[in-house]
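# Per-entry structural report
The residues making up each chain are set out below.
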Amino acid sequence: MIGAGTMGNGIAHVFAMNGFSVSMIDISPEALEKGMANIGKNLDRMVKKELLTEAEKQTTLGRIKTLTSIPDGVKGADLIVEAATENINLKLDIFRELDKSAPAHALLASNTSSISITRIASVTQRPEKVIGMHFMNPVPVMKLIEVIRGYATSDEVTHTIMDLSKTLGKVPVEVHDYPGFVANRILMPMINEAIYTLFEGVAGVEEIDTVMKLGMAHPMGPLQLADFIGLDVCLSILRVLHDGFGQPKYAPCPLLVNMVTAGKLGAKSGEGFYVYTPGTKEVVVSPAFG
Ligand code: NAD
């Protein structure tokens, strides 16, 4: 597992719980420590809900070791799943390194939300063994894995990853490698349209979210979902769609651009369409839209 952040520790948790030995690698020792603590916390929650015994929790934790060096960590690996920071140059460097250090038979998967798998595969000598495994957050809870075939990914590798995803208790869906894959290609334009609806004064924040929650049975309104994903992340994925397809329908709403420029990134910065008070569950509409 490359990366011990939000997604990396969740993915490590799921593999370890299903019997796999995992090396979790991160350049940051603090991220590794936090990642392991988070896995422990999530396993505790499962023990409390009687989904797991205390002994199973200990066995699961025992299957995960942490390291800061890729060459040491990937020796003997059959599969490497990368969930490092979403930055193309960083990911290309990581895949060059993985290609050099991992055993020749090892499959290389990326959890990227928006970077082309074909592009990532192109820096390796094994493009047929490179694939997308797009887990959803929170990983231990969410059932879906978008399995993304790059241009050169082989049928055999795709079948292996589809079967493996089922072994992890997930539901894999096979998709081709085009901007945004399926999940973000549909989700991000919906979020962008919700922001345009607000920007054009058609309705307020709560009204827009209420329409989608109660009218379309969405568990969360699109504006609040955008806050949780991170407005900077939404903007960057919209830019990938806009650049990749060259169609104006993907152009990010100017309000989204302004909010990101102003540092209003959603829940993680304390304010987006709503204001979040740390340590509480209190959420109120931002005064900017009051
Ligand atoms: P994060 O910032 O929580 O974690 C990224 C981790 O990568 C950090 O701990 C960082 O130290 C580490 N890292 C950076 N450079 C590294 C390197 N060279 N080697 C090893 N580790 C390195 O990010 P995240 O939210 O977990 O996202 C990770 C990936 O998953 C991204 O590609 C993102 O697009 C994708 N993703 C995120 C979500 C989500 O909801 N957060 C959902 C699906 C996919």
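Being a predicted model, the structure only gives us computed values, none of them experimental. (Residues numbered from 1 in each chain as written. Predicted model: local features only at pLDDT ≥ 70, side-chain atom pairs only at ≥ 80, totals over all residues. Heavy atoms only, no water.)

### Some points on helix H9 (residues 205–216)
Taking 1.5 Å per residue, 12 residues should reach 16 Å; H9 reaches 16 Å between its end C-alpha atoms and fits that length. Next to the buried residues of H9 lie helix H8 (183–199), helix H10 (222–229), strand E8 (274–276) and strand E9 (283–285). Where H9 terminates, the next one or two residues include alanine 217, which has phi positive at roughly 60 degrees. (Helix = DSSP H or I, 4+ residues; strand = E, 2+ residues; numbered from the N terminus. Expected span 1.5 Å × (residues − 1). Contact = heavy atoms within 4.5 Å.)

### Some details on the environment of valine 171
Structurally, valine 171 is set in strand E7 (residues 171–176). A relative accessible area of 46% means that valine 171 is categorised as partly exposed. When the C-alpha atoms of valine 171 and valine 147 are compared, they prove to be 9.8 Å apart, with 24 residues separating the residues in sequence. Setting aside residues up to four positions removed in sequence, valine 171 forms contacts with Lys143, Leu144 and Ile145. (Buried < 20%, exposed > 50% of the residue type's maximum accessible area, 1.4 Å probe, protein only.)

### Quick word on the packing of aromatic side chains
Applying the stated criterion across every chain, the model contains five aromatic pairs. With centroids separated by 5.6 Å and ring planes inclined at 65 degrees, the aromatic side chains of phenylalanine 228 and tyrosine 276 adopt a geometry described as edge-to-face. Here tyrosine 276 lies in strand E8 and phenylalanine 228 lies in helix H10, a separation of 48 residues in the sequence. Taking relative accessible area as the criterion, phenylalanine 228 reaches 44% and is therefore assigned partly exposed. (Phe/Tyr/Trp six-rings, centres within 6.5 Å; stacked < 30°, edge-to-face > 60°.)

### Considerations on the domain arrangement of the protein chain
How big an interface is tends to be stated in terms of the accessible area lost upon association of its parts. Taken domain by domain, the protein chain holds domain 1 (6–176) and domain 2 (184–289). Distance between the C-alpha centres of domain 1 and domain 2: 28 Å. (Domains from an automatic or database assignment.)

### Re the packing of helix H2 (residues 29–48) against helix H3 (residues 54–62)
Interhelical geometry of H2 versus H3 gives an angle of 160 degrees and a closest axis separation of 10 Å. For the element pair H2 / H3, the angle class is roughly antiparallel. Remark: the crossing between H2 and H3 carries right-handed chirality. Of the residues in H3, those touching H2 at Met36, Ile39, Gly40, Leu43, Asp44 and Val47 are Glu54, Lys57, Thr60 and Leu61. Looking at the contact of H2 with H3 residue by residue, the classes come out as five nonpolar, two polar and three charged. (Axes fitted to C-alpha atoms, helices over the stretch in contact; angles between N-to-C directions. Parallel < 35°, antiparallel > 145°, perpendicular 65-115°, else oblique. Left-handed = near helix turned anticlockwise from the far one by under 90°. Nonpolar A, V, L, I, M, F, W, Y, C, P; charged D, E, K, R; others polar.)

### Section: the site of the ligand
Around the ligand sit 23 residues in total, of which Met7, Asp26, Glu86, Lys91 and Ser113 are the nearest. Measuring from an oxygen atom of the ligand, one finds a side-chain N or O atom of aspartate 26 at 2.6 Å. The separation between an oxygen atom of the ligand and a polar main-chain atom of threonine 85 is 3.5 Å. Judged by its atoms lying within 2 Å of the grid points, the ligand is housed in the largest pocket. Of the residues forming the shell around the ligand, the biggest block, three residues, is contributed by helix H5 (residues 88–101). Looking at the shell around the ligand residue by residue, the classes come out as 10 nonpolar, 10 polar and three charged. (Near = heavy atom within 4 Å. Polar contact = N/O pair within 3.5 Å; in protein donor to acceptor, adjacent residues only side chain to side chain. 1 Å grid on protein atoms, 1.4 Å probe; cavity = no way out; pocket = protein on both sides within 12 Å on 5 of 7 lines; lining within 4 Å. Sits in = over half its atoms within 2 Å of the grid points.)

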